[in-house]
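Examination of the molecular architecture
Each chain, written out:
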Amino acid sequence: MSAPRQRLVVLGATGSIGVNTLDVVARHPERFEVLALSAQHKVEQLAEQCRRFSPRFAVVGSDEAATTLTGMLRQSMTDTVVLVGVEALEGIASLPEADTVMAAIVGAAGLRPTLAAAKAGKKVLLANKEALVMAGPVFMREIIRNGATLLPIDSEHNAIYQSLPKEYSSNLSDNGVRRILLTASGGPFRQMPLEKLEQVTPEQACAHPNWVMGRKISVDSATMMNKGLEVIEAHWLFNAPSERIEVVIHPQSIVHSMVEYADGSVIAQLGNPDMRTPIAYALAYPERIEAGVTPLDLWRIGRLDFERPDVARFPCLRLAYEALERGGNAPAVLNAANEIAVEAFLGGRLPFTRIHMVIEQTLACVTWGEIDTLADVLAADAAGREAARQFAAGLHA
Ligand code: NAD
Ligand code: MG
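An account of the accompanying structure is given in this report. Predicted model only: the values in this text are computed from it and were never measured. (Residues numbered from 1 in each chain as written. Chains lettered and ligands numbered in written order. Predicted model: local features only at pLDDT ≥ 70, side-chain atom pairs only at ≥ 80, totals over all residues. Heavy atoms only, no water.)

1. Let's talk about the layout of surface pockets
Put simply, the rule reads: Of the grid points, spaced at 1 Å and generated over the protein atoms alone, those admitting a 1.4 Å probe that cannot get out make up cavities, while open sets with protein on both sides within 12 Å along at least five of seven lines make up pockets; any residue with an atom within 4 Å of a point is treated as lining. Grid points are joined across faces, edges and corners, and a volume is the space filled by probe spheres set on the points. To qualify as a helix, a DSSP run of H or I must reach at least 4 residues; to qualify as a strand, a run of E must reach at least 2; elements of each kind are numbered from the N terminus. Ten residue types, Ala, Val, Leu, Ile, Met, Phe, Trp, Tyr, Cys and Pro, are classed as nonpolar, four, Asp, Glu, Lys and Arg, as charged, and the remainder, Gly among them, as polar.
Here the second largest pocket defines a volume of roughly 660 Å³. Lining the second largest pocket are 24 residues, with L150, Y161, Y168, L237 and F238 sitting closest to its centre. Going through the elements one at a time, α6 (129–145), β7 (149–152), α7 (155–163) and α10 (225–238) are the ones with two or more residues in the lining of the second largest pocket. At four residues, the largest contribution of residues to the lining of the second largest pocket is made by α10. Counted by class, the lining of the second largest pocket contains 16 nonpolar, five polar and three charged residues.

2. Description of the coordination of the magnesium ion (ligand 2)
Cut-off, in case you're wondering: Counted as donors are the N, O and S atoms within 2.8 Å of the metal, or 3.2 Å for Na, K and Ca, while water is not among the atoms, so some sites may look incomplete. Accessibility here uses a 1.4 Å probe with only protein chains present; expressed as a share of the type maximum, an area under 20% marks a residue as buried, one over 50% as exposed, and anything in between as partly exposed.
Coordination of the magnesium ion (ligand 2) by the protein is provided by D154 (OD), E156 (OE) and E230 (OE), with metal-donor distances spanning 2.1 to 2.2 Å. Spacing between the donor residues of the magnesium ion (ligand 2) along their common chain follows D-x1-E-x73-E. With E156 in helix α7 and E230 in helix α10, the pair connects residues that are 74 residues apart, well separated along the chain. Of the residues examined, E156 reaches a relative accessible area of 8% and is grouped as buried. Its relative accessible area of 1% is what places E230 among the buried residues.

3. Examining the sheet that holds strand β3 (residues 57–60)
The condition is simple: The pairing criterion is simple: DSSP has to find at least two bridges between the two strands. A fitted line through C-alpha atoms serves as each axis, taken over the contacting stretch for helices, and the angle formed by two N-to-C directions is quoted from 0 to 180°. Contact between two residues is taken to exist if any of their heavy atoms lie within 4.5 Å; hydrogens are not considered.
Read across the sheet, seven strands follow the order β4-β3-β2-β1-β5-β6-β7 without closing on themselves; strand pairing throughout is parallel. In the strand order of this sheet, the two ends are held by β4 (81–84) and β7, each with one partner. Each adjacent strand pair in this sheet contributes to an overall mean axis angle of 25 degrees, direction not counted. The strands touched by helix α2 (residues 43–53) are β2 (32–38) and β3; relative to β2, the strand with the most contacts, the crossing angle is about 155 degrees. Contacts from helix α5 (residues 111–119) reach β1 (6–11), β5 (100–103) and β6 (123–126), with the element oriented near 150 degrees to β6.

So, in structure tokens, the structure goes:
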């Protein structure tokens, strides 16, 4: 008899990670069954996904979107039940029948459903790094308390996971690990003259040299706040102090990250920059499955380069390290301020070079506090957003 299919919920199904996840799933219909999907606005795309994967539930962000989706599904005789809002997202993330939850909503909006999946003891595939950055201690406690499995989708953390010993004890020293080397492409502005950064447009910032991603993470890659968030993410995932996490610029994005051991060994994971690799790894873990990824052609690539990050060019990276060292609510405030600043930049209301100023001012003005409960996280997030909105308005173009 064949093994039962893995029952999957995809939060953020219409995004870049969501679409790549469904691409891998579609290659293995004998392994995976889609139980529920979610999207905020893109109703047409979600309707198409529902017709293709016949989930039991689909969750959208507004009543209007729900009415449109219901109409579209009725026309095509698809009997997916349409639900609305954050509680419905928490509901699908904790469905008793679900085995696995892909957490691929972007930003703080993903926190509550991702936490619900942890509380329900699911296999959580974490793309939504902001949830972990904001709520590190709360999130990790729920994962452990409820026997959930946490597998990183972020390509760097997935690479580190693959490069750590199988029986990883969540203590770097016990495993002879000296450092985690987090690679970063440096984004589209790695070599742009500094005086030109003031004028860059959202389109330029979103044109990443190696990866096609959602707009928010693309801007984060351009400021390198993405790498800053990933340093904090690595801290929580691997129980690593900040001084053991080093960022290495690697413009080709072939080495996805590395682990350095006490004996001098450095173990890396390589591959073409295609998110279907970490997604397939986590979906099938501990097995390996075909993901549609072009094999790595080292002869064509020819060379791999490595540099130190330029902290003058990328002040957001420094701010993230500082927030991690301060601990408590500082990472949640950093994340909130970044989301507001990026939104303002994408909306043409803030120059690129002032994104870091909004974040720095916000961190300086919000009172430090401990993070022990979800309420603490939400309070820090709200305070960060409020302060950042004011600073962003003051630093208007
Ligand atoms: P995206 O913008 O392409 O997609 C975001 C998804 O979240 C969409 O389905 C959207 O409908 C949904 N969404 C947006 N706002 C929402 C809200 N308020 N409530 C509920 N749902 C909402 O983003 P993406 O690039 O797929 O990134 C998703 C997450 O994965 C982010 O946290 C990002 O940092 C992380 N990630 C992405 C990549 C990548 O290659 N795209 C790589 C590593 C990590
Ligand atoms: Mg990444």
